[in-house]
Amino acid sequence: MVALVAIYLWVQYMDNPARQRMDFTSSKFQDIMELASDFNLIIFLFAVILMLWTVRLIDFFTSVGNEGLKRTSKIIETVISSLGPFVIIFIMIFIGFVLVGHVLFGVHEDRFNGFTASAKTLLVWFVSLSHGHRRTMGLPGGPVFMFLFILIAMVLLF
């Protein structure tokens, strides 16, 4: 049922007159908030559909006679059951690094001048160590902070 609603909304989105009025050669701002909110809802519904489909697929694996699929299903169930404590520990460690980064570097670096800015910087570093970490290494406490962040947040947790 959710899939039918999502497909219906997608068709409505594609036929929306606001979408057809867009001028891609214009250098002026165009009001696209209506399209953005519709698109946001559609993406959310498709994400829910994908999640439900994945759960049903795992349930299907347990009912199939193949032992390999049953083992895979059992492993996935075990991983999902231990995901909650892992997320809690990870969030606590990450918030600790955010606060320490803000206290150590907040005066010197704009990227650490607030809790939100510090969290965004560390999230970028968690995904890729390619933006701004070299400047932080030159600050007092920078090398120790980076070493501990890489060791604890990236290596030990994963």
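Residue positions are given per chain, counted from 1 along the sequence in the order it is written. In view of the model being predicted, local features appear only for residues whose pLDDT reaches at least 70, and side-chain atom pairs are presented and counted only at 80 or more, with totals across whole chains, interfaces and linings using the full set of residues. The basis for every side-chain value is the complete set of non-hydrogen atoms in the structure, without hydrogens or water.

Could you give an account of the overall build of the chain, with specific residues and numbers?
Numbering of helices and strands runs from the N terminus; a helix is a DSSP stretch of H or I covering at least four residues, while a strand is a stretch of E covering at least two. The secondary structure content of the chain amounts to 8 helices and 0 strands. N-terminal to C-terminal, the α/β element order of the chain is α-α-α-α-α-α-α-α. Here, residues are in contact when the closest pair of their heavy atoms is within 4.5 Å. Considering only intrachain contacts with a sequence separation of at least 6, the fraction spanning at least 24 residues in the chain is 46%.

I'd like a description of a nonpolar patch on the surface, backed by residues and values.
Taken together, Ile7, Trp10, Val11, Phe39, Ile43 and Phe46 make up a surface patch of nonpolar side chains, about 510 Å² in accessible area. Of all the secondary-structure elements, those providing two or more residues to the nonpolar patch are α1 (2-14) and α3 (33-63). Mapped onto the elements of the fold, Val11 is located in helix α1. A simple rule labels every residue: compare its accessible area, found with a 1.4 Å probe on the protein chains alone, to the largest value its type can have, and call it buried under 20%, exposed over 50%, or partly exposed in between. In this structure Val11 comes out as partly exposed when scored by relative accessible area, which is 43%. Exposure above 30% relative accessible area and no salt bridge define the residues that can form patches, which grow by joining like charges within 9 Å and nonpolar side chains of Val, Leu, Ile, Met, Phe, Trp and Tyr within 5 Å. Surface accessibility follows the Shrake-Rupley procedure with a 1.4 Å probe radius. Residue values consider only the protein chains on display as shielding. Whenever a carboxyl oxygen of Asp or Glu lies within 4 Å of a side-chain nitrogen of Lys or Arg, that contact is scored as a salt bridge.

An account of the confidence of the model for the chain is requested, with residue identities and associated values reported.
Summary of the metric used: pLDDT quantifies the predictor's per-residue confidence within the range 0 to 100. Chain-level pLDDT for the chain is 79 on average; 89% of the residues reach the 70-or-more range. Considering each helix and strand of the chain separately, the mean pLDDT is smallest for helix α7 (residues 133-137), with a value of 69, and largest for helix α5 (residues 83-105), with 85.

An account of the nonpolar core is requested, with residue identities and associated values reported.
In summary, soluble globular proteins display a tendency toward joint burial of nonpolar side chains. Formed by 13 residues in total, the largest nonpolar core has its most connected members in Leu122, Trp125, Phe145 and Phe149. Sequence-distant contacts of Leu122, that is, excluding residues within four places in its chain, are made with Phe94, Phe97, Val98, Phe112, Phe145 and Phe149. Among buried residues, those of type Ala, Val, Leu, Ile, Met, Phe, Trp, Tyr and Cys that are joined through side-chain atoms within 4.5 Å constitute a nonpolar core.

So what's going on with the side chain of Thr121? Residues and values would help.
Tracing the backbone through its elements, the reader meets Thr121 in helix α6 (residues 115-127). As used in this structure description, the phrase polar contact means that two N or O atoms lie within 3.5 Å; if the pair is within protein, one of them must be able to donate a hydrogen and the other to accept it, and residues adjacent in sequence are counted only when both atoms belong to side chains. Engagement of the side chain of Thr121 in a polar contact is seen with the backbone oxygen of Ala117, the distance being 2.9 Å. The residues contacting Thr121, other than those within four sequence positions of it, are Arg111 and Phe112.

Quick rundown of the packing of α1 against α3? Include the residues and the values.
Axis definition: a line fitted to C-alpha atoms, limited for helices to the stretch in contact. Angles are taken between N-to-C directions and run from 0 to 180 degrees. Where α1 meets α3, the axes come as close as 9 Å, and the angle between the chain directions of the two elements is 155°. The angle between α1 and α3 places the two elements in the roughly antiparallel class. In the packing of α1 onto α3, the handedness of the crossing is left-handed. Note on element contacts: α3 touches α1 through Leu35, Asp38, Phe39, Leu41, Ile42, Leu45, Phe46 and Ile49, opposite Val2, Ala3, Val5, Ala6, Leu9, Trp10 and Tyr13. In this classification, the charged set is Asp, Glu, Lys and Arg, the nonpolar set is Ala, Val, Leu, Ile, Met, Phe, Trp, Tyr, Cys and Pro, and all remaining amino acids, among them Gly, are polar. Grouping the amino acids of the contact of α1 with α3 by side-chain chemistry returns 14 nonpolar, no polar and 1 charged. Any angle between 65 and 115 degrees counts as roughly perpendicular, while under 35 counts as roughly parallel, over 145 as roughly antiparallel, and the rest as oblique. What makes a crossing left-handed is the near helix being turned counterclockwise from the far one by less than a right angle; a clockwise turn instead makes it right-handed.

With reference to specific residues and values, describe the side chain of Asn16.
Turning to its location among the elements, Asn16 is positioned in the loop between α1 and α2 (17-20). For Asn16, a relative accessible area of 9% gives the class buried. Excluding its chain neighbours within four sequence positions, the residues that come into contact with Asn16 are Glu34, Leu35 and Asp38.

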